[in-house]
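Each chain is listed here by its residues.
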Amino acid sequence: MPTEPAITPELVAEHNLTPEEYEGILELLGRAPNYTELGIFSVMWSEHCSYKNTRALLKGFPTESPRVLVAAGEENAGILDIGDGLAISFKIESHNHPSAVEPFQGAATGVGGIIRDIFTMGARPVCAINSLRFGELSNPEVRRLFRGVVSGIAHYGNCFGIPTVGGEVYFDKSYEGNPLVNAFALGVLRHDQIARGAAKGVGNPVFYVGPATGRDGLAGAAFASQDLTEESAEIQRGAVQVGDPFMEKLCMEACLELLATGAVAGIQDMGAAGLTCSTCETAARGGTGIEIDLAKVPQRSPGMTPYEILLSESQERMLIIIEQGREEEVKRIFDKWDLPWAEIGHVTDTGQMVVKNHGEIVVDLPASKLADDAPLYHREATEPKYLAAVRAFTLEGIDDLDDPTAALGKLLKWPTIASKNWVYRQYDHMVRANTMVNPGSDAAVIRIKADSIPGGDDRNGDFPEKLLALAVDCNATHVYLDPFEGAKAAVAECARNLACSGATPIGSTDNLNFGNPHNPELFWQLKESVRGLAEGCAAFDAPVTGGNVSLYNQNPEGAIDPTPTMAMVGIIEDAAHVTTQWFKDEGDAIILLGEPVDTEDPLHGLGGSAFLQVLHEQKTGTPARCNLETERTLGTTLLGLIQSGLVKGAHDCAEGGLAVALAECCFSELEGRNTPRFTGAEIDLSELECDRLDALLFGETLGRIVITTSELDSVKAIERAKLMGVPARRIGTVSAEKGAALKIKSTTGEWSWEVAGLHDLWWNSIDNAMA
Amino acid sequence: MKFAVLQFPGSNCDQDCVHVLRSVLGRPTELLWHKEYSVGDADAVFIPGGFSYGDYLRTGSIARFSPVMGAVKEFAENGGHVFGICNGFQILCEAGMLPGALIRNRSLQFRCEHVYLQIASRVSPFTGQIPEGKNLRLPIAHGEGNYFCDDETLQSLEANDQILFQYVDAEGDLTDHANPNGSLANIAGICNEKRNVAGMMPHPERAAEAALGGTDGRLIFESLIAALKTQSTLASV
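Residues numbered from 1 in each chain as written. Chains lettered and ligands numbered in written order. Predicted model: local features only at pLDDT ≥ 70, side-chain atom pairs only at ≥ 80, totals over all residues. Heavy atoms only, no water.

Student: What is the right way to read the pattern of salt bridges from this model?
Tutor: It is possible for side chains bearing opposite charge to pair when their charged atoms get close. Using the criterion set out here, one finds 52 salt bridges over all chains in the structure. For R692 of chain A, the salt bridge is made with D694 of chain A, and the minimal N-O distance between the two is 2.8 Å. Take R692 of chain A: its relative accessible area is 13%, and that puts it in the buried class. The class for D694 of chain A is buried, based on a relative accessible area of 0%. One salt bridge connects K134 of chain B with D216 of chain B, and the closest N-O pair in it is separated by 3.1 Å. Highlighted residues: K134 of chain B in the loop between β6 (111-119) and β7 (136-142) and D216 of chain B in the loop between β11 (197-200) and α5 (218-236), separated in sequence by 82 residues. What you see here is one network of salt bridges that share partners, running through E74, E75 and R196 of chain A. (Salt bridge = Lys/Arg side-chain N within 4 Å of Asp/Glu carboxyl O. Buried < 20%, exposed > 50% of the residue type's maximum accessible area, 1.4 Å probe, protein only. Helix = DSSP H or I, 4+ residues; strand = E, 2+ residues; numbered from the N terminus.)

Given below as structure tokens:
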């Protein structure tokens, strides 16, 4: 056996532990750790596992509601009640640094990791969405990363058999070299099927199931918790795991089958920090100890050291604690699925995580202290200097548009606004036969049917089907320019997208992607964003059920735009309420809900807008204010209108403002391959008060939704909205499909666009950039 | 009338097939594990979509050697009806139960979208109930659906009326633009000479309910059910 290196200050530093943290370890143990133990502390006390820099902030999130069955932080993922004894479990998680280094495997294993978190809870994963950020597509390196990430997600999700039903993709220079890959999965289960990640029952055997442990992904959690530099990327290439969706599919089926037997006392996936994290966390949660022998762990390469085995992040592995005497059931089920398994240890009452190697003790650490007593930092936060310039920006130097014709085309072609069909056509978004609204509308909609439940559900014909809507949003430019307002707006946009699909929000999950927390300005962005998210989630009664923090997202040029990605899940009461964004029939009334322009905003919603970025090459200005009370009323009002059967289509105004939203309503319906369905629209904005045409058409004032109703219902819809205190105006009429044109009239002129031409710019933009 | 849906490790459209047969069409249907040596008393066998055995070597190349495929082959040789969807089609080609092969999509990317199909032959147990002149709108979801065979095989497919489905555009024109994967002659599905074994790349099981945006896929299941009914009526005469 090779001798272990001596613990030196340099070795401690290499493990990303500060001298103070090392002092803490000495105090906690009352002795010096050995090399393997040092490795364990380095991953368990990394930001990825311990949230040491953010735990204090995250306490501000609302986490309770009558629906919460398992709250944030208790387990691998939270669980919400959806009625009739059914529940859902969902979470979003980042795989940013691995994707920067090796986009295909990095993204693929990101999907694999989040799926494991969900079935670890006892739920059958039924859909996935994702949120991606890249630099600008003109850069060939960005295109390589983009192509790799999308095909990695497709590879894993498609083969596993989970539909990827939606998502968002933004392109901005700040993500060059440090793309963001945030993957979300949702699973379904009955209340009586909730599984726990606790090592319960002293004497119970501990099983390792899944493929053998190799040297791949060594200390990925620690890797994810440091600045990404060219040097670190090269050294850490070996830290990226290799995914096997086929293995994960088998592992999930076998685990769900095993859970149904009742023989499982506790279950935990081996994600970040692999065997280390799963053993010490299960013991900590169970208030017990755990003892394993590494000699019994299936190993892929010969001569692996305890350090390597414990810190390996080989994928698709699970740790399962079995009720004593029921070991045969594990063997029967895992043999049926041809999956490797091994009994590697047992639960103890010592409170210690004891690891032996061929009988010799190599690790002896207090489990709960290791899992729960990581350092907690209150980092210094200082308002960034750049914000002074942002706030000083006025529209003085920006001439208003005389003719918006070209501007609309340019915006629709801008990759952040353009159709993401190049992305989602590579994802199987229909497998499991539940997808009711495919990618391309405001929110994805799926149904939950009997076969969505682990083991099926014997209610069969009487099964109470449920409908869920999912959205993920974050306009990080707005967050960069005003973290608090921008974060609130991310939540509000999710809620608006759910409302547009007919859903009421029930819960959310956040992915905080930020720069180095030791930089006070970057930490300030984080702090303000968390405050905004917390206020937002509280306003929409959408408690945070779990999430993920990814810090140190920077490249040599600086940090990424602060990106607090928000994913939200909502319930749709009735299939008749499922609503899509596009215009439906000729003659339908087009109504704008919400104030057309926020007149109190000196920039009229143009601050941080796509319009300023694309047409004036300026990424500045205070972004639109987010009034959560207004947004909430808007959402409930729209839902009321939808539930009364008045609404035929609903689409919110976001990047690119009202004109982009109207164009999308005209052309975003897709009947089939190469077969979009167009409608025209005749819009009259001449009654609206706004002294700038650019702000009226392209401003990004929040709280606006375009809806359509039949001509007959239009007056009723407008009056009802006004009764609820929501401004509502008829702004036009849907016109013919043949030769469809979008016509907009304002006080200063009248313009017309051929819908087919606009569609071509929007639909093919990313395809052309990637060709 | 009983149906069996094969279940390989890595099948992922197996439940969707069972759902349509059992819950939508009300037919007794059982999953059949890949390690079984018999198809039991099934009247027809479905080979569902997915990534059997991970499909790492070549789609369907491992599945063809599974115990259950031996049973399926024997079942088909005795006249039993076998229908392969997506990975099921790939497996049938690999197993030599259908001619040709499915290679990587022309785009080199996975494609998931709705396509339009024309019925090239209604003379089969899988297409018999599709009304004359009716084209189908069905989803595809595959990375390797590019049908290929040699000239001789193509000629015999045509001569024997074995081509069942071809990709067309929304207007019904058979064009290269309508071809989502580069398949020879826009072929989306074929049957064997005896016409009891067929496979197609599109997913009829994902288009059997209005809630999912289309019911065209039902016509294929209903065709088979009608054919099996006729067969059993004839047998009992």
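Student: Which parts of the structure should I look at to understand the interface of chain A and chain B?
Tutor: In many reports, interface size means the accessible area that the parts give up when they come together. The interface of chain A with chain B comprises 36 residues on the first partner and 36 residues on the second. For the pair chain A and chain B, the two sides together bury roughly 3,000 Å², of which 54% comes from carbon and sulfur. For the chain A face of the interface with chain B, the top three residues by lost area are R425, M430 and R673 of chain A, together amounting to 23%. Here chain A and chain B share four salt bridges between them. Two residues, R447 of chain A and E209 of chain B, come together in a salt bridge whose shortest N-O distance is 2.8 Å. At the boundary of chain A and chain B, one finds 18 residue pairs in polar contact (both at pLDDT 80 or more). Every element with two or more residues in the side of chain A that touches chain B is listed here: α8 (140-160), α11 (245-260), α14 (327-336), β14 (435-437) and β24 (669-672) of chain A. Each residue belonging to the side of chain A that touches chain B can be placed in one class, and the counts come to 12 nonpolar, 11 polar and 13 charged. (Contact = heavy atoms within 4.5 Å. Buried area = accessible area lost by both parts, 1.4 Å probe. Polar contact = N/O pair within 3.5 Å; in protein donor to acceptor, adjacent residues only side chain to side chain. Nonpolar A, V, L, I, M, F, W, Y, C, P; charged D, E, K, R; others polar.)

Student: What is the right way to look at the packing of helix α20 (residues 483-501) of chain A against helix α23 (residues 628-643) of chain A in this model?
Tutor: Helix-helix packing is characterised by the crossing angle of the two axes and by the distance between the axes. All names here are of chain A. The N-to-C vectors of α20 and α23 enclose an angle of 5 degrees; their axes lie 9 Å apart at closest approach. One element, α20, and the other, α23, form an angle in the roughly parallel class. Taking contact as the criterion, the partners of K488, A492, R496, A499 and C500 in α20 are, on α23, L628, E631, L634, G635, L638, L639 and I642. By residue class, the composition of the contact of α20 with α23 is eight nonpolar, one polar and three charged. (Axes fitted to C-alpha atoms, helices over the stretch in contact; angles between N-to-C directions. Parallel < 35°, antiparallel > 145°, perpendicular 65-115°, else oblique.)

Student: Would you explain empty space enclosed by the protein in this entry?
Tutor: In this approach the atoms are scanned with a rolling probe the size of a water molecule, which exposes any empty space left behind. Residues and elements named next belong to chain A. Enumeration according to the criterion identifies five cavities of 30 Å³ or more in this entry. Taken as a whole, the largest cavity encloses approximately 810 Å³ of empty space. Contributing to the lining of the largest cavity are 40 residues, with G167, E168, K420, S441 and D442 lying nearest its centre. Breaking the lining of the largest cavity down by element, the ones donating at least two residues are β4 (124-134), β5 (164-171), α18 (421-424), β16 (466-473), α20, β23 (649-652) and α24 (657-667). Top contributing element to the lining of the largest cavity by residue count: β5, with seven residues. Residues that form the lining of the largest cavity fall into these classes: 19 nonpolar, 13 polar and eight charged. (1 Å grid on protein atoms, 1.4 Å probe; cavity = no way out; pocket = protein on both sides within 12 Å on 5 of 7 lines; lining within 4 Å. Points joined across faces, edges and corners; volume = space filled by probe spheres on them.)

Student: What is the right way to read the packing of aromatic side chains from this model?
Tutor: Pairs of aromatic rings are described using the distance from one ring centre to the other and the angle between the two planes. Enumeration over the complete set of coordinates arrives at 19 aromatic pairs over all chains. Relative to Y480 of chain A, the ring of Y386 of chain A has its centre 4.3 Å away and its plane inclined at 10 degrees; by these criteria the two rings are stacked. Here Y386 of chain A, found in helix α16 (residues 386-392), pairs with Y480 of chain A, found in helix α19 (residues 476-481); they are 94 residues apart in sequence, far enough to count as distant. One aromatic cluster in this structure is built from F3, F46, F83, F126 and F221 of chain B. Taking the ring centre of W33 of chain B as reference, the NZ or CZ of K336 of chain A above it sits at 4.8 Å. In this arrangement the basic side chain of K619 of chain A is found over the ring face of Y480 of chain A, its NZ or CZ atom lying 5.3 Å from the centre. (Phe/Tyr/Trp six-rings, centres within 6.5 Å; stacked < 30°, edge-to-face > 60°. Lys NZ or Arg CZ within 6 Å of the ring centre and 35° of its normal.)

Student: Just checking my understanding: could you explain the nonpolar core for this structure?
Tutor: Nonpolar side chains in soluble globular proteins tend to be buried together. F146 and L742 of chain A are the most contacted members of the largest nonpolar core, which has 186 residues in total. In this structure, L742 of chain A is in contact with L408, L662, A663, C666, A681, I683, W751, S752, W753, V755 and L758 of chain A, ignoring residues within four places of it in sequence. (Core = buried A, V, L, I, M, F, W, Y, C linked by side-chain atoms within 4.5 Å.)

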